[in-house]
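This is what each chain is made of:
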Amino acid sequence: MASTNPDPRPAAVAATGATEPAPPRPPRIEAHGIDHVPDGERHGRPRQLFSVWAAANVNYLSLVIGGALVLMGLTLRQALAVIVVGNLFWLFTGLVAVSGPASGTPSEVITRTMYGIIGNRVNNAIGGWLLSVCYFALNLAAAAAAAFALVEKAGITANTGVKVAVVVLIAVLTLAISVYGHAAIVRLYLPITLVLTAAFAVVAVCVAGRTDFAYRPAEPLSGRALWAVLIAGTTLIAAGPLSYTTSADFSRYLPRTASRRAVVGWTASGGFLAGVAVCSLGAFAATAVDMTDPQTGLEELLPGWFYPLFLLSLVLGTIAVNALTAYSAGLALQAVGLRVRRSVSVLVDGAAAVALTLYGLLASSLLDTVSNALQLTVVLLGPLMAVYATDVALRRGRYDAAALADETPGGPFWYTGGFNGSGALAALVGVGAAALCVDTLYTGPVASALGGVDLSLPAGMTVAAALYAVLMRRSPTVLAARAGA
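Rules behind the numbers
Residues numbered from 1 in each chain as written. Predicted model: local features only at pLDDT ≥ 70, side-chain atom pairs only at ≥ 80, totals over all residues. Heavy atoms only, no water. Helix = DSSP H or I, 4+ residues; strand = E, 2+ residues; numbered from the N terminus. Rg over C-alpha atoms; globule rule 2.2 N^0.38 Å. Buried < 20%, exposed > 50% of the residue type's maximum accessible area, 1.4 Å probe, protein only. Contact = heavy atoms within 4.5 Å. Lys, Arg positive; Asp, Glu negative; His and termini not counted. Charge placed at Lys NZ, Arg CZ, Asp CG, Glu CD. 1 Å grid on protein atoms, 1.4 Å probe; cavity = no way out; pocket = protein on both sides within 12 Å on 5 of 7 lines; lining within 4 Å. Points joined across faces, edges and corners; volume = space filled by probe spheres on them. Nonpolar A, V, L, I, M, F, W, Y, C, P; charged D, E, K, R; others polar. Axes fitted to C-alpha atoms, helices over the stretch in contact; angles between N-to-C directions. Parallel < 35°, antiparallel > 145°, perpendicular 65-115°, else oblique. Left-handed = near helix turned anticlockwise from the far one by under 90°. Salt bridge = Lys/Arg side-chain N within 4 Å of Asp/Glu carboxyl O. Core = buried A, V, L, I, M, F, W, Y, C linked by side-chain atoms within 4.5 Å. Patch = residues over 30% accessible without salt bridge, like charges linked within 9 Å, V, L, I, M, F, W, Y side chains within 5 Å. Areas by Shrake-Rupley, 256 points an atom, 1.4 Å probe, with all protein chains shown as cover. pLDDT = per-residue confidence, 0-100.

Engineer: Just checking my understanding: could you explain the overall build of the chain for this structure?
Structural biologist: Looking only at helices and strands, the chain features 23 helices and zero strands. A globule of 485 residues ought to have a C-alpha radius of gyration of about 23 Å, and the chain, at 22 Å, matches this closely. Residues counted as buried form 55% of the 485 residues belonging to the chain. Here the contacts in the chain between residues at least 6 apart in sequence split such that 83% fall between residues at least 24 apart. Here the chain holds 28 positive side-chain charges and 23 negative ones, and the gap between their average locations is 10 Å.

This is the structure:
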């Protein structure tokens, strides 16, 4: 979809054909979708990515996951070690973000190099749009639960009508950010990060006074049982960063000359530091109160005047993470082939997520079912992230925007019949390897033989990355990229 933006460069620069970055404009609805962002419209610095990813991780879900590690039977020290190791997977998110400035296109287009023009539509439909809408619905349900408690605190009964209104209001606020797009995200997420950090700092002070820093469960885990929980906990934490195979969506407006190390570092550090801090806070709280119901448990630790502010911060944090999810889901819908503006595709995603949320909250236990199913997403997300990261490494971070935009049968990324068999095979074999090793809703044969130790994360990622590297190392498009063409 072509951009309708006028040339933002100064007249003297435009006349010479130079491509100096233009200064940021006031926020307005973003015109670009999956099309290429010209050099003249690139601006900003990699450090702006820090607040984008930090704001998305100072949230309720990270707090809950941290508490869950202690509930799973780990000591506090073991839980903290798992939190650090699991959040190291943000390095993968940072690595794939490098492809954004290199190509000026979002991840949903860049993955054409891995799966082919037609194959990538399948990838975006399943690994992009469908999973994003499910995550949006689950996060929206979590935010709604906090908002319902806030409504009750205000003396209003949270009946069906009120619940519908609350869900719709939160969704509208979320989608407003997503519709305005990249500029709004970059501008808003620094103050959002500061507000959330201040709120969670108060929580940290309250929790620290009650934390049992020497906490050990009554019956500490050992041997195979301990390893099973350690690996399961790491997988639970890693699922967060692995779900962001779309990180180039938020880096593609940076100048192509942006430092690759800086892009990796600011992206990864934003997610890592926020993830470690908030997950650790959840683990600390679990040593003092029952975190099976985090809202009720934390209410015991917080002063009465601050609890409503805490609930508001939970809603704000969820809005921040869901705005990123909806933004990428809109791009995925375009990449599947829906010929609409990005703002319209975002609204379609939001409507689907709101419908799913309301159905799950008011009509059935569907969201419980989806929540359980999402425990298996690492089986899919791990190999997809591994293939993407390996592609970035093979091409040395070089991507040709013109070639990526060529969807004709003679284009470089058409491969055979629109499919790249190497990428598809690597991803499918990686998913198969992970499925053999998983132990969640069902137990794979490898996990069964190991007594419940779930190796789906390392198995899926290692197999997918190794196979893709072997199959694609002599690909003409890879060789051309490595040569700097």
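Engineer: Explain empty space enclosed by the protein to me, please; I cannot follow it from the model alone.
Structural biologist: Where empty space is left can be seen by rolling a probe of water-molecule size over the atoms. One pass over the full model with this rule turns up three cavities of 30 Å³ or more. Around the largest cavity sit 18 residues that line it, and Thr111, Asn123, Asn124, Gly127 and Thr245 are the ones nearest its centre. The class makeup of the residues in the lining of the largest cavity is seven nonpolar, ten polar and one charged. Counted as a void, the second largest cavity has a volume near 50 Å³.

Engineer: How should the packing of helix H9 (residues 117–153) against helix H18 (residues 377–394) be read in this particular structure?
Structural biologist: Each pair of packed helices can be described by the angle between their axes along with the distance between the axes. Relative to each other, H9 and H18 sit at 130°, their axes nearing to 12 Å. Our classification of the angle between H9 and H18 gives oblique. Like other packed secondary-structure pairs, H9 and H18 cross with a definite hand, here left-handed. When H9 is examined against H18, the residues Asn123, Ile126, Gly127, Leu131 and Tyr135 are found in contact with a partner set consisting of Thr377, Leu380, Leu381 and Leu384. Here the contact of H9 with H18 is composed, by residue class, of six nonpolar, three polar and no charged.

Engineer: Explain the pattern of salt bridges to me, please; I cannot follow it from the model alone.
Structural biologist: Charged atoms that come close allow side chains of opposite charge to pair. A full pass over the atoms with the stated rule returns eight salt bridges. As a salt-bridge pair, Asp39 and Arg256 come within 3.1 Å of each other at their nearest N and O atoms. Of this pair, Asp39 sits in the loop between helix H1 (11–16) and helix H2 (48–55) while Arg256 sits in the loop between helix H12 (223–242) and helix H13 (260–286), and the two are 217 residues apart along the sequence. Taking the shortest distance from any N to any O, the salt bridge between Glu407 and Arg121 comes out at 3.2 Å. Here Arg121 lies in helix H9 and Glu407 lies in the loop between helix H19 (401–405) and helix H20 (421–437), a separation of 286 residues in the sequence. Using a relative accessible area of 29% as the deciding quantity, one classes Arg121 as partly exposed. Several salt bridges share partner residues, and in doing so they unite Glu30, Arg252 and Arg342 into one network.

Engineer: Hey, could you run me through the environment of Ser422 in this one?
Structural biologist: The residue Ser422 is located in helix H20 in this model. Residue class for Ser422 comes out buried when judged on its relative accessible area of 17%. Separated by 226 residues in the primary sequence, Ser422 and Leu196 place their C-alpha atoms 43 Å from one another.

Engineer: Can you help me understand the nonpolar core in this one?
Structural biologist: Side chains that are nonpolar tend, in soluble globular proteins, to be buried together. Core analysis: the biggest nonpolar cluster contains 126 residues, and Tyr189, Leu242 and Phe310 have the highest contact counts within it. Examining the composition of this core, we find that 13 residues originate from one element, helix H15 (residues 307–336), more than from any other. Setting aside residues no more than four positions away along its own chain, Tyr189 makes contact with Ser51, Val52, Ala55, Ile177, Ile319, Ala320, Ala323 and Leu324.

Engineer: Looking at this structure, I do not really get a nonpolar patch on the surface. What am I missing?
Structural biologist: A contiguous nonpolar surface patch, about 320 Å² in accessible area, is contributed by Val84, Val85, Leu88 and Leu91. Residue position: Val85 is located in helix H4 (residues 76–87). A relative accessible area of 41% means that Val85 is categorised as partly exposed.

Engineer: How should the packing of H9 against helix H10 (residues 160–180) be read in this particular structure?
Structural biologist: The geometry of H9 relative to H10 is characterised by a closest axis approach of 9 Å and an angle of 125° between their N-to-C directions. Taken together, H9 and H10 sit at an angle that is classed as oblique. Judged by the twist between their axes, the crossing of H9 over H10 is right-handed. Along its contact with H9, which presents Phe136, Leu140, Ala143, Ala144, Ala147, Phe148 and Val151, the element H10 presents Val162, Lys163, Val166, Val167, Ile170, Ala171, Thr174 and Leu175. Of the residues belonging to the contact of H9 with H10, the class tally is 13 nonpolar, one polar and one charged.

Engineer: Would you mind showing me how to read the environment of Val289 here?
Structural biologist: The topology assignment puts Val289 in the loop between H13 and helix H14 (294–301). We classify Val289 as buried; its relative accessible area is 8%. Along the chain, Val289 and Ile29 lie 260 residues apart, while their C-alpha atoms are 45 Å from each other. Ignoring sequence-local partners within four residues, the contact set of Val289 consists of Arg210, Gly297, Glu300 and Leu301.

Engineer: Whenever I open this one, unusual backbone geometry confuses me. Can you help?
Structural biologist: The bulk of non-glycine residues show a negative phi, and the bulk of peptide bonds are trans. Phi at Arg396 takes a positive value of approximately 55°, unusual for a residue other than glycine. Classification of Arg396 by relative accessible area gives partly exposed; the value is 43%. The phi dihedral of Tyr415 falls on the positive side, at around 55°, and the residue is not glycine. Assignment of secondary structure puts Tyr415 in the loop between H19 and H20.

Engineer: It is not clear to me how the confidence of the model for the chain should be interpreted in this structure. Could you clarify?
Structural biologist: Looking at the chain as a whole, its pLDDT mean stands at 88, while 91% of the residues score no less than 70. Overall, residues 1–24 carries pLDDT values under 50, and its contacts beyond four positions in sequence, including any with other chains, amount to 42 contacts.

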